[in-house]
Amino acid sequence: MAMSSLTILTLLALCHSSIAFRKFPEGFTFGVATAAHQIEGAWNVSGKSENVWDRLSHSRPEMIADGTNGDIACDSYNRYMEDVEELTYLGVDFYRFSLSWARILPTGRLDVVNPDGIRYYNDLLDALAENNIEPLVTLFHWDLPQALQDLGGWANPKMIHYFRDYADLCFKEFGTKIKSWITFNEPYEICEDAYGDEKKAPAVDSHGVGCYLCSDTLLKAHAEAYHLYNETYRPVQNGRIMISINSIWYEPSDPESAEQVALAEVANQFKFGWFAHPIFTSDGGYPSVMVDNVARQSAAEGLLKSRLEQFDAYWIQRIKGTSDFLGINHYTTHLITGAGVDPIAKSPSWLKDIGAVTTMEVGGDSASEWLRVVPTGFANLLRWCKSSYNDPPIYITENGFSDYGTLLDYGRIKYFNDYLNEILNVIYDDGVKVLGYTAWTLMDNFEWRAGFSERFGLYYVNITDPARPRKPKLSAEYFKELCATRELPKDPRFFEPSFFRTECRCFFLILIVWYVSE
Ligand code: GBH
């Protein structure tokens with residue numbers, strides 16, 4: 001029986017739709033991100049004071065994988081015009097960068113303003129404006145002035161006022177040039193990794209206690225900065241302000257296990273909900289499962305009070321609704337294998353409070369132990385955010401992949417391509433309101449405790465050369481095409497040469513069906 005041309009056409013259409021590239025919606029924006037301490041260098045010149053990462057990397061260099069520090073980093077304090085050239089080459093809509101608090105306010109408080117700090121960011125903002133690149137500016141990306149850490153850092157409630165003052169100065173000085181603000185980058189990392197563990201500076205290992213003191217202060221500080229902007233600056237500056245929350249998304253290792261499914265939800269509430277629930281739900285406050293679990297654990301430890309203090313009615317109201325968008329930094333998914341105390345959990349600790357055992361045995365590898373490639377987890381997280389937080393408008397404020405620094409970075413391209421494809425899926429299939437995407441990161445930079453041993457950049461940076469030359473990787477070309485066409489690039493040169501690519505498979509499928517039907 002001869003195969004009808006209609007069948008062939010249908011098959012072709014089917015095959016094509018599986019490889020067809022949907023465009024990102026009208027108005028969807030693309031950008032890349034960096035953070036001050038990771039790129040600027042110039043750590044002790046032009047009036048900048050020491051921050052907690054300077055202190056950690058200088059006093060405990062063994063804590064940084066390759067013993068490096070951010071003293072020079074990408075030297076962006078001197079070479080920011082090169083950064084702007086790269087951004088212009090990529091054709092991004094926006095550039096996400098952060099302000100160095102210690103460069104602007106050397107004591108951390110309002111008593112001394114450093115004119116060189118103000119001048120530096122004004123110069124950068126002017127150069128971006130000349131090239132039609134919108135700034136998306138983070139007030140705090142982990143580099144706390146050491147002077148404020150000496151007063152207790154984020155465990156000190158006074159920080160609510162110091163942060164508000166710092167934000168006030170930034171809105172006043174830069175607000176006419178900046179329409180999009182992020183208060184905090186990744187509150188979980190700030191509180192749990194830095195005050196509940198030693199994974200980030202200042203490495204105050206107050207597990208199970210400091211992490212919760214920090215979240216109390218940080219959420220209040222965020223809310224104060226939001227209200228200040230909303231009431232005083234928004235009417236004249238007309239911008240937007242949000243928070244960027246990081247998730248490691250948790251899924252059950254066995255999707256059939258009701259216990260694991262329930263525990264994954266608990267873990268997501270502890271990780272993402274810790275900071276999202278107080279801001280993005282109509283109830284406000286911490287997730288109830290978190291309040292209950294920490295109270296129960298605290299009682300079991302013989303404590304008279306829970307280690308997690310709840311917000312009172314005033315603060316619940318004050319914190320609720322204080323973000324114009326939900327900013328999501330997403331990299332990876334981990335699995336939950338069952339109930340109990342995770343073998344790596346300290347006692348007491350945030351991880352022990354969850355009451356679940358986690359594993360990273362999932363997905364493809366990167367250069368970072370914690371970063372597994374699980375694109376479907378990203379889609380699940382986005383759908384969960386839509387249903388948990390009343391369908392908020394979302395910006396992906398970070399997403400990226402690490403390798404050891406190769407120019408033909410197929411692994412990174414595949415990561416971007418697969419994760420971006422999931423964004424298209426949730427936009428078109430589930431109606432999730434994702435409005436923009438930010439790749440981490442413009443160029444290889446000081447990757448915190450990993451130093452320069454893990455590379456996330458679209459540009460390669462040679463850190464042994466004093467001129468810190470930047471070289472576009474293949475992923476930079478990929479991203480440039482994405483920005484230009486607003487759809488996933490199809491050019492085969494971006495993908496690791498492989499015989500069984502979709503196009504080939506479709507072609508053979510058609511041939512086989514034809515042959516069989518003849
Ligand atoms: C982002 O955080 C940061 O915002 C950005 O500055 C950073 O460069 C980028 O990631 C790449 O790392 O268990 O000790 O191995 C992502 C959050 C950072 C959370 C690494 C998990 C694991 C530390 N992740 N962290 S460790």
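Figured I'd write up the structure that's included with this text. None of the values given here were measured: they were computed from a predicted structure.

### Brief notes about the packing of aromatic side chains
On inspection of all chains with the given rule, the structure shows 51 aromatic pairs. A centroid spacing of 4.9 Å and a plane angle of 65° characterise the contact between Tyr120 and Tyr121, whose relative ring orientation is edge-to-face. As far as the burial class goes, Tyr120 and Tyr121 line up, both buried. Note on Trp154 and Phe163: the rings are 6.1 Å apart at their centroids and 65° apart in plane angle, and the pair reads as edge-to-face. Looking at Trp154, the relative accessible area reads 1%, which means it is buried. Aromatic ring contacts, followed pair by pair, group Phe24, Phe28, Phe30, Phe378, Phe401, Tyr415, Phe416, Tyr419, Tyr437 and Phe479 into a single cluster. One residue, Arg103, lies across the ring of Tyr120, its end atom 5.9 Å from the ring centre. The positively charged end of Lys271 is found above the aromatic ring belonging to Tyr188, 3.5 Å away from the centroid.

### Regarding the packing of helix H9 (residues 187–195) against helix H11 (residues 258–280)
One way to put it is that H9 packs onto H11 with a least axis distance of 10 Å and a crossing angle of 120°. Accordingly, the angle class assigned to the pair H9 and H11 is oblique. Both H9 and H11 take part in a crossing whose hand is right-handed. Each of Pro187, Tyr188, Glu189, Cys191 and Glu192 in H9 lies in contact with H11, whose residues at this interface are Lys271, Trp274 and Phe275. Taken together, the residues of the contact of H9 with H11 break down into five nonpolar, no polar and three charged.

Cut-offs applied
Residues numbered from 1 in each chain as written. Predicted model: local features only at pLDDT ≥ 70, side-chain atom pairs only at ≥ 80, totals over all residues. Heavy atoms only, no water. Phe/Tyr/Trp six-rings, centres within 6.5 Å; stacked < 30°, edge-to-face > 60°. Buried < 20%, exposed > 50% of the residue type's maximum accessible area, 1.4 Å probe, protein only. Lys NZ or Arg CZ within 6 Å of the ring centre and 35° of its normal. Axes fitted to C-alpha atoms, helices over the stretch in contact; angles between N-to-C directions. Helix = DSSP H or I, 4+ residues; strand = E, 2+ residues; numbered from the N terminus. Parallel < 35°, antiparallel > 145°, perpendicular 65-115°, else oblique. Left-handed = near helix turned anticlockwise from the far one by under 90°. Contact = heavy atoms within 4.5 Å. Nonpolar A, V, L, I, M, F, W, Y, C, P; charged D, E, K, R; others polar.

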